[in-house]
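Residues per chain are reported as follows:
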Amino acid sequence: MSGATTLERIESFLPERSVRIDDLAEQLGLRRAEIGVFRKIYGLDRLRFEPEGGLFELVLPAARQAVRALPEGQRISHVIYAHTMQTLTPPDVDAARVIRDELGLARAEAFALTQQACVSSLGAVDLAGELLRSEAPEGAYALIVTGERAYSPKVQLIPNSSIMAEAAAACLVTVDGAGDQVRSHVTRTLGKYAAGLEMSTPDAQEFGKVYGAVLGEVILDAVARAGLEFDDIDLVIPHNVNTVSWRQTIKEMGAEPERFFLENIPLYSHLFSSDVFVNYVTLREQGRLVDGHHYVLVSVGLGATFGAMVITHRKR
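Note that the structure is predicted; figures quoted are calculated from it, not measured.

1. A short note on the environment of Lys40
Right, so step 1: Position of Lys40 relative to the elements: it lies in helix α2 (residues 32–40).
Right, so step 2: Lys40 gets classed as exposed once you look at its relative accessible area, which sits at 73%.
Right, so step 3: Through-space distance from the C-alpha of Lys40 to that of Lys209 is 20 Å; in sequence the pair is 169 residues apart.

What follows is the structure, given as structure tokens:
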């Protein structure tokens, strides 16, 4: 693929403090029985959460690691901060510019991307490729940064779905590099459910019913646009919302459960826009990403956007 977007380096960062979901019950207003449902039905158990930590303390370590992978003599032309919640800082603080400046990348254009909620990380990869092809100097790179704090109970709890946790990630992107090749990117937004957490009960129930089928269709569409069959896919690398929604999706697809990497769900819970990158790093560190094999990065954002991206791993 000429002019293909490539993922040159992906790094992640997790706060050291790990807590059981039981420890958050009081502040989230959850009864013991409700915690039991999150554990037994939704598959959540532990998560990383540092209530006293700052935003930039969270997001900068992974970003610094990714920047270190920049080849000598090359430059980063764009810094994209992809996040889920629209408001993360006071109005006078531009988080994307702070990240850029803290990384010493003053010449880069910096902006945030949040319109697709938890799918914004995948959208940022796609957008970075388009910007590099259309307006950046040849050989330039883009840096995508994710991560946000679960700063209030309203942000941390998604009723009947998930408990949000903290992590950060960074992805160094270029065009026609030696890294993982992006073969396709598909999104589908169901505007009927744009209210997200404010959906009416009937709409929320309807969304739950169509969720698995729509997500399965988006995954298969991305695979087809990559010129592949689902049997060609080594693993689906998903977001960590919960296990029950993934079981629903797997059933709708008629797929084998072992083709989906769900092992981080009980360890980390849902990590806003960082899930797919954190899970990718876990698999890389375990030696489970194979040179030349194909993977699907998948996420769903409240609003409701479904996203899937097919990549071919290339060992560096």
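2. A few points about the side chain of His313
Right, so step 1: Relative to the elements of secondary structure, His313 occurs in the segment after β13 (305–312).
Right, so step 2: Only 2.9 Å separates the side chain of His313 from the side chain of Asp180, close enough to count as a polar contact.
Right, so step 3: Other than its neighbours up to four places away in sequence, His313 contacts Asp180, Tyr280, Leu289, Val290, Asp291, Gly292, His293 and Tyr295.

3. Here we look at the pairing of strand β11 (residues 233–237)
Right, so step 1: Counting buried positions along β11 gives four out of five residues, so the element sits mostly inside the fold.
Right, so step 2: In the sheet, β11 pairs with strand β12 (residues 294–301) via four bridges, with the strands oriented parallel. When the bridges of β12 are listed, Val236 appears paired with Val296.

4. A short note on the sheet that holds strand β1 (residues 5–13)
Right, so step 1: Taking strand neighbours across the sheet as the criterion, the nine strands line up as β5-β4-β6-β9-β1-β10-β13-β12-β11 in an open arrangement whose pairing is mixed. The sheet is open, and its two borders are formed by β5 (109–113) and β11, each paired with just one other strand. Along the sheet, successive strands turn relative to each other by an average axial angle of 25°, direction set aside.
Right, so step 2: The pairing of strand β6 (residues 141–147) with strand β9 (residues 168–175) spans six bridges and is antiparallel. Bridging across to β9, Val145 finds its partner in Ala170.
Right, so step 3: Strand contacts of helix α7 (residues 201–225): β10 (180–189), β11, β12 and β13, with the helix running at about 30° to β13, the strand carrying the most contacts.

The rules we used
- Sequence order as written defines residue numbering, which begins from 1 separately in each chain.
- Reporting in this predicted model follows two pLDDT cut-offs: at least 70 for local features of residues, and 80 or more for side-chain atom pairs to be given and counted; totals over whole chains, interfaces and linings ignore these cut-offs and use all residues.
- Excluded from the side-chain calculation are hydrogens and water; included are all heavy atoms of the structure.
- Numbering of helices and strands runs from the N terminus; a helix is a DSSP stretch of H or I covering at least four residues, while a strand is a stretch of E covering at least two.
- Burial classification: accessible surface area is computed with a 1.4 Å probe over protein chains only, and a residue below 20% of its type maximum counts as buried, one above 50% as exposed, and the rest as partly exposed.
- For the purposes of these results, a polar contact is taken to be a pair of N or O atoms within 3.5 Å, where, inside protein, one atom must be able to donate a hydrogen and its partner to accept one; residues adjacent in sequence count only when each atom of the pair is a side-chain atom.
- Every residue pair with non-hydrogen atoms within 4.5 Å of one another is taken to be in contact.
- Here, a strand pair is defined by DSSP locating no fewer than two bridges between the strands.
- In this description, a line fitted to the C-alpha atoms serves as the axis of each element, helices being fitted only across the stretch in contact, and the angle between N-to-C directions of two axes falls anywhere from 0 to 180 degrees.

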